[in-house]
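Understanding the architecture of this molecule
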Amino acid sequence: MRTPLTRELHDLLERGRDRQLRLAVTGLSRSGKTAFLTSLVNQLRHAGLEARLDLLPVAREGRLLGARRVQQQDLGVPRFPYDQAMLALDDQPPRWPEPTRGISELRLAIRYRPARRGLLGGETRQLTLDLFDYPGEWLLDLPLLAHDYPSWSQAQRQDVGSERAALFADWHRAVAGLNPDEEVDEARLAEIAELYAQGLRAAREAGFADLQPGRFLLPGELEGAPVLQFFPLPGIAEADPAELAALPAESLYATLARRFRHYQQHIVKPFYREHFRRFDRQIVLVDVLGALNAGPERFEDLSRALSNLMQSFDYGRRSLLTRLFAPRIDRLAIAATKADHVTPEQHGRLVALLEALLADPLKDLRFADVPVRALSLAAIRATQSREVNQQGRRTPALRGTTLAGESLLLFPGEVPDRLPGADFWARQGFDFTAFRPLPREKGAPLPHIRMDAALDWLIGDKLS
């Protein structure tokens, strides 16, 4: 049996030989991470059998022998609940798996035949694929590292009259009369922090994405801890920094600033250092359609959250030494999820909209010579495309079953191929309807759209 040290040395050697890959599946809340990971494992498990992976050359050429789950390296991290997810999808009627609420990992051993066969002709190889899943809420804390407490307070400013600001109305009333130099009242501070957390939870339910601090939404073991009892102080950025620094330790400002720094140093930084700096490849999942359906304020909020998030990752090409000792993400996919919720001829428009949404981060990545690809996909298909006859014309449509069990045939609306302007929002008729997963025979592979294209971009070069 291998000891932790020998396992670590083995992994280093495998990374040096390009036989181990660490893939981060990231995205904001409700972007479809659980569905993507479940489908990825399911497609590779069915490789060589019924799985439709024509866009993955190693599968199309019959060289992909399959995959199985093996023991992960870090035994202190929960295993991704693949079995529970499949039980939900195999239920009658099928239902969506529960989203993961914390960090999880999964290790796959993938067996394949190389494209160039050895002299004996029977050579097989193995790629170890480590998969990492993180709560979307926690990801939003990474951009927080770029701030001090006054600048973060300024960044959290709510626009008066906006729908988002209305969700924080109770917190706004509570914080309005506070003075930075007043002596802190611990009980009152905890009450106001909870009002701020309630506003964040309401904003998440309403479809907003740019929400900090993320641990206020998923506190886990930190529930009730003072480190989660802080909030922004409106107007603090305009105050004299020297006067603020001179305030006594028991003042409201000093207490909030101290807790903010503790949150940065002891919650966010270790999370980033221990997890995100270890990745080789990454896919960022984006629910573009959900934001498009929710309206201009939420769409702009998603754009801001994604731009801030992308700046927090460490991208760049790897040499052998960096691959072994200082890994950086050297290939990136950005995927618009739930592509089955629009008709097939609009998938190209969905990709164009995604690229427009992330235009600045994509320019920076390409300038840094980081291979990046944008695509649309449906990890687990929920609809079937149809054509209906309307006044003598064949019109594309979707057929699916809603979460309530109603069978629908509909055209959800058009997706713009650029950032929508005021005219789009004035006439917007996009209707994002949530559907159940498509039924299938038990044991059959999960139906999907372009999971094979995503797999080819993320791991295909390691299976040649």
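Quick look at the structure, then. (Residues numbered from 1 in each chain as written. Predicted model: local features only at pLDDT ≥ 70, side-chain atom pairs only at ≥ 80, totals over all residues. Heavy atoms only, no water.)

**Quick notes on the pairing of strand 9 (residues 393–401)**
We count it as follows: Two strands qualify as a pair provided DSSP detects at least 2 bridges between them. Under the DSSP-based scheme used, a helix requires at least four consecutive residues in state H or I and a strand at least two consecutive residues in state E, with every element numbered from the N terminus.
Relative to strand 9, strand 8 (residues 383–390) runs antiparallel, the two sharing 8 bridges. Across the sheet, residue Q390 finds its bridge partner in strand 9, namely R393. Where strand 8 hands over to strand 9, the hairpin turn is made up of 2 residues, of which Q391 adopts a positive phi near 55°. As judged from the 4 bridges shared by strand 9 and strand 10 (residues 407–410), these two strands associate in the antiparallel manner. Its bridge partner lying in strand 10, L398 is registered against L410. Following strand 9, the chain reverses through 5 residues before pairing antiparallel with strand 10; G405 in that reversal takes a positive phi of roughly 95°.

**A short note on the packing of aromatic side chains**
Our working rule: Working definition: a ring pair exists when centres of Phe, Tyr or Trp rings (six-membered ring for Trp) sit within 6.5 Å. Plane angles under 30 degrees give stacked, over 60 give edge-to-face, the rest tilted. Classification of residues uses two cut-offs on accessible area relative to the type maximum, computed with a 1.4 Å probe and protein chains only: under 20% is buried, over 50% is exposed, and between them is partly exposed. Each ring is checked for a lysine NZ or an arginine CZ that lies within 6 Å of its centre and within 35 degrees of its normal; such an atom marks a charge sitting over the ring.
Considering all chains together, one arrives at 18 aromatic pairs under this definition. With a centroid separation of 5.5 Å and an interplanar angle of 45°, the aromatic rings of F168 and Y196 are classed as tilted. Here F168 is found in the loop between helix 7 (163–167) and helix 8 (169–175), whereas its partner Y196 is found in helix 9 (residues 186–205), with 28 residues between them in sequence. Judged by relative accessible area, which is 1%, F168 ranks as buried. Taken together, the ring pairs in this structure connect Y149, W152, F168, W171, Y196, F216, F230, Y253, F260 and Y263 into an aromatic cluster. The lysine or arginine in question, R215, covers the ring of F271, its NZ or CZ lying 6.0 Å from the ring centre.

**Topic: the sheet that holds strand 10**
Applied cut-off: To obtain an axis, a line is fitted to C-alpha atoms, over the contacting stretch when the element is a helix, and the angle between two such axes runs from 0 to 180 degrees between their N-to-C directions.
In space, the 3 strands of this open sheet follow the order 8-9-10, with antiparallel pairing throughout. Of all strands in the sheet, those bounded by a partner on one side alone are strand 8 and strand 10. For this sheet, the mean angle separating the axes of adjacent strands, direction not counted, is 30°.

**Brief notes about the environment of F411**
Put simply, the test is: Only heavy atoms matter for contacts: two residues are in contact if any of them lie within 4.5 Å across the pair.
If you trace the backbone, F411 turns up in the loop between strand 10 and helix 17 (422–427). The sequence separation of F411 and S385 amounts to 26 residues, and the corresponding C-alpha distance is 9.9 Å. With residues up to four places along the chain from it excluded, the contact list for F411 reads T343, E345, Q346 and P396.

**Here we look at the nonpolar core**
Threshold: The term nonpolar core refers to a set of buried residues drawn from Ala, Val, Leu, Ile, Met, Phe, Trp, Tyr and Cys, joined through side-chain atoms within 4.5 Å.
Counting 87 residues, the largest nonpolar core has F231, L233, F276, V286, V288 and I334 as its most contacted members. Ranked by the residues each element gives to this core, the list is headed by helix 11 (residues 252–274), at 10 residues. With near-sequence residues (within four places) excluded, V288 lies in contact with F299, A336, L350, L353, L354 and L357. In terms of nonpolar packing, the next biggest core, distinct from the first, is built from 44 residues, L40, L446, A453 and L458 among them.

**A few points about the environment of P143**
Along the chain, P143 turns up in the loop between helix 5 (136–139) and helix 6 (149–155). Along the chain, P143 and Q311 lie 168 residues apart, while their C-alpha atoms are 7.4 Å from each other. Residues in contact with P143, not counting those within four places in the same chain, are Q212, N308, L309 and S312.

**Side note on the packing of helix 2 (residues 33–45) against helix 18 (residues 451–459)**
Geometrically, a packed helix pair is captured by the angle between its two axes and the distance between the axes. We apply this condition: An angle below 35 degrees is read as roughly parallel, one above 145 as roughly antiparallel, one from 65 to 115 as roughly perpendicular, and any other as oblique.
Two numbers describe how helix 2 lies on helix 18: the axes approach to 11 Å, and their chain directions differ by 85°. As the angle between them shows, helix 2 and helix 18 are arranged roughly perpendicular. Residues F36, S39, L40, Q43 and L44 of helix 2 pack against M451, A454, L455 and L458 of helix 18.

**Notes on helix 13 (residues 296–310)**
Note the cut-off: To estimate the expected span of a helix, subtract one from its residue number and multiply by 1.5 Å.
Taking 1.5 Å of rise per residue, the 15 residues of helix 13 would be expected to cover 21 Å, and the 21 Å separating its terminal C-alpha atoms lies within 8% of that figure. Looking only at helix 13, the buried set comprises R298, F299, D301, L302, A305, L306, S307, L309 and M310.

**Quick notes on the environment of D417**
The test is simple: Throughout this description, a polar contact denotes any pair of N or O atoms lying within 3.5 Å of each other; where both atoms belong to protein, one of them has to be capable of donating a hydrogen while the other can accept it, and for residues adjacent in sequence the pair is counted only when both atoms sit in side chains.
Along the chain, the position of D417 falls in the loop between strand 10 and helix 17. Residue class for D417 comes out partly exposed when judged on its relative accessible area of 30%. Distance from D417 to E355, taken between C-alpha atoms, is 9.2 Å for residues 62 residues apart in sequence. A polar side-chain atom of D417 sits 3.2 Å from a polar atom in the side chain of R418.

**With respect to the side chain of T26**
With respect to the helices and strands, T26 occurs in strand 1 (residues 20–27). Here T26 is in contact with K33, L139, F276, Q282, I283, V284 and L285, once residues within four sequence places are set aside.

**A short note on unusual backbone geometry**
The residue after Q92, namely P93, is reached through a cis peptide bond having omega 0°. With respect to the element layout, P93 can be found in the loop between helix 4 (82–90) and strand 3 (104–112). The linkage connecting Q212 with the following residue, P213, adopts the cis geometry, with an omega of -5°. When you line up the elements, P213 lands in the loop between helix 9 and helix 10 (241–245). You will see that R30, though not glycine, has its phi angle at about 70°, which is positive.

**Brief notes about the pairing of strand 6 (residues 331–336)**
Of all 6 residues making up strand 6, 6 are buried, and the element is well covered by its neighbours. Of the two faces of strand 6, the one holding R331, A333 and A335 and the one holding L332, I334 and A336 are both buried throughout. Relative to strand 6, strand 5 (residues 281–286) runs parallel, the two being bridged by 6 bridges. Residue pairing across strands places Q282 opposite L332, the latter belonging to strand 6. Summarising the sheet, strand 6 and strand 7 (residues 372–376) pair through 5 bridges and their orientation is parallel. Bridge pairing in strand 7 links L332 to V372.

So, to be careful, I would describe these as geometric facts and stop short of saying anything about function.
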